[in-house]
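Structure at a glance
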Amino acid sequence: EIVHKILNDIGRKIKKINLIILSDFNYGMLSQTLVDNIIKLAKDNKVLIVADSQSSSQNGDISRFSNVELVTPTEREARMGLQDFTGGLVNLAENLRKKINAKHVFITLGHEGFLIHTKTKKIQSWENDLIPAINSFPKDPAGGGDALLVVSSLALATKCSIWEAAFLGSVAAACQVDRIGNMPLNTNEIMHEVNRQLI
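Throughout, a residue's number is its position along its own chain's written sequence, starting from 1. Totals for whole chains, interfaces and linings use all residues, but because this is a predicted model, local features are given only for residues with pLDDT of at least 70 and pairs of side-chain atoms are given and counted only at 80 or more. Each side-chain value is derived from all of the structure's non-hydrogen atoms; neither hydrogens nor water enter the calculation.

1. Observations concerning the overall build of the protein
Secondary structure elements follow DSSP: runs of H or I no shorter than four residues count as helices, runs of E no shorter than two count as strands, and numbering proceeds from the N terminus. When you go through the protein residue by residue, the secondary structure sums to 7 helices and 6 strands. With C-alpha atoms as the basis for the radius of gyration, the globule rule is written as 2.2 Å multiplied by the number of residues raised to the power 0.38. Against the 2.2 N^0.38 benchmark of 16 Å for 199 residues, the protein shows a C-alpha radius of gyration of 17 Å, consistent with a compact globule. Dimensions of the protein along its principal axes, counting C-alpha atoms only, are 50 × 40 × 35 Å. We call a residue buried when its accessible area falls under 20% of the maximum for its residue type, exposed when it is over 50%, and partly exposed in between, using a 1.4 Å probe and counting protein chains only. Taken over 199 residues, the protein has a buried fraction of 47%. Any two residues whose heavy atoms approach within 4.5 Å at even a single point are treated as in contact. Excluding contacts between residues fewer than 6 apart, the proportion of contacts in the protein whose partners are at least 24 apart in sequence is 55%. Surface summary for the protein: the accessible area is close to 11000 Å², and the carbon and sulfur share equals 55%. Charge-centre separation for the protein: the mean point of 22 positive side chains lies 8 Å from the mean point of 21 negative side chains. Using a 1.4 Å probe, the Shrake-Rupley method yields the accessible areas, and only the shown protein chains count as cover for residues. Positive charge is attributed to Lys and Arg, negative charge to Asp and Glu, and no charge count is given to His or to the chain ends. One atom stands in for each charge, and that atom is NZ of Lys, CZ of Arg, CG of Asp or CD of Glu.

Below, the structure is given as structure tokens:
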């Protein structure tokens, strides 16, 4: 009944939506039926859709989010999704991208930053880059990954390149971890850090 209501609500609003973010903390809210139907609804209406699956306190599976633009798992979450606990990061990212048919994968690496892995227009080709953490001395890591996901996704929804989106997301993550507690960011904080990085 709840799944039906959620899908109806999204269906009524889908023509006014530019972006859907699925952020699953694995407490049972996002059933596979709901996930699959939201993704189909987004694809049918050309709405950008991204996903993340938190596995800090629960066992999640990032590989259940197929056909999305971007996923942002931690290294541990990516390894759990593929059951690959020994492969290199680039192979891990490409195997995850292929398994779920995602366009971009960010594998977050805590204080080391994150790996960007993106499919290119050439057949069987991709590009990678390692973005170091802007804030290497975080006060509180809570919410850093969420800030990366949300701001990068918003940037992609405004037609930024994946590289621009990754930069803006990393700036947002740096702002978020520079304070105690997971509180909403505002535009002024992000722009202040962007300007500081560009000087």
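2. Some words on the side chain of Gln 176
With respect to the helices, strands and loops of the structure, Gln 176 is situated in helix α6 (residues 162–176). For Gln 176, the side chain forms a polar contact with the main-chain oxygen of Gly 181, separated by 3.2 Å. Leave out the neighbours within four places in its chain, and Gln 176 touches Asp 140, Ala 142, Gly 143, Gly 144, Ala 147, Gly 181, Asn 182, Met 183 and Leu 185. Any pair of N or O atoms that falls within 3.5 Å is considered a polar contact. Within protein, one atom must be able to donate a hydrogen and the other to accept it, and sequence-neighbouring residues count only if both atoms are side-chain atoms.

3. Remarks on the packing of helix α1 (residues 2–13) against helix α2 (residues 32–44)
What counts as an axis is a line fitted to C-alpha atoms, over the stretch in contact for a helix, and the angles between N-to-C directions run from 0 to 180 degrees. At a minimum axis distance of 11 Å, the contact between α1 and α2 shows a crossing angle of 10°. Considering the angle they form, α1 stands roughly parallel to α2. When you trace α1 past α2, the crossing you get is right-handed. Judged by residue contacts, Val 3, Ile 6, Leu 7, Ile 10 and Gly 11 of α1 engage Leu 34, Asn 37, Ile 38 and Leu 41 from α2. By residue class, the composition of the contact of α1 with α2 is 7 nonpolar, 2 polar and no charged. Under this scheme an angle from 65 to 115 degrees is roughly perpendicular, one under 35 degrees roughly parallel, and one over 145 degrees roughly antiparallel; angles in between are oblique. The hand of a helix crossing depends on one turn: near helix anticlockwise from the far one by less than a right angle means left-handed, and clockwise means right-handed. Any residue that is not Ala, Val, Leu, Ile, Met, Phe, Trp, Tyr, Cys, Pro, Asp, Glu, Lys or Arg is counted as polar, Gly included; the first ten are nonpolar and the last four charged.

4. A closer look at the pattern of salt bridges
In the sections that follow, a salt bridge refers to a side-chain nitrogen of Lys or Arg positioned within 4 Å of a carboxyl oxygen of Asp or Glu. Summed over the entire model, instances satisfying the criterion amount to 10 salt bridges. One salt bridge connects Lys 5 with Asp 9, and the closest N-O pair in it is separated by 3.1 Å. One end of the pair, Lys 5, and the other, Asp 9, are both in helix α1, 4 residues apart, so they sit about a helical turn from each other. The exposure class of Lys 5 is exposed, given its relative accessible area of 53%. Residues joined by salt bridges that share partners form a network here, namely Lys 5, Asp 9 and Arg 12.

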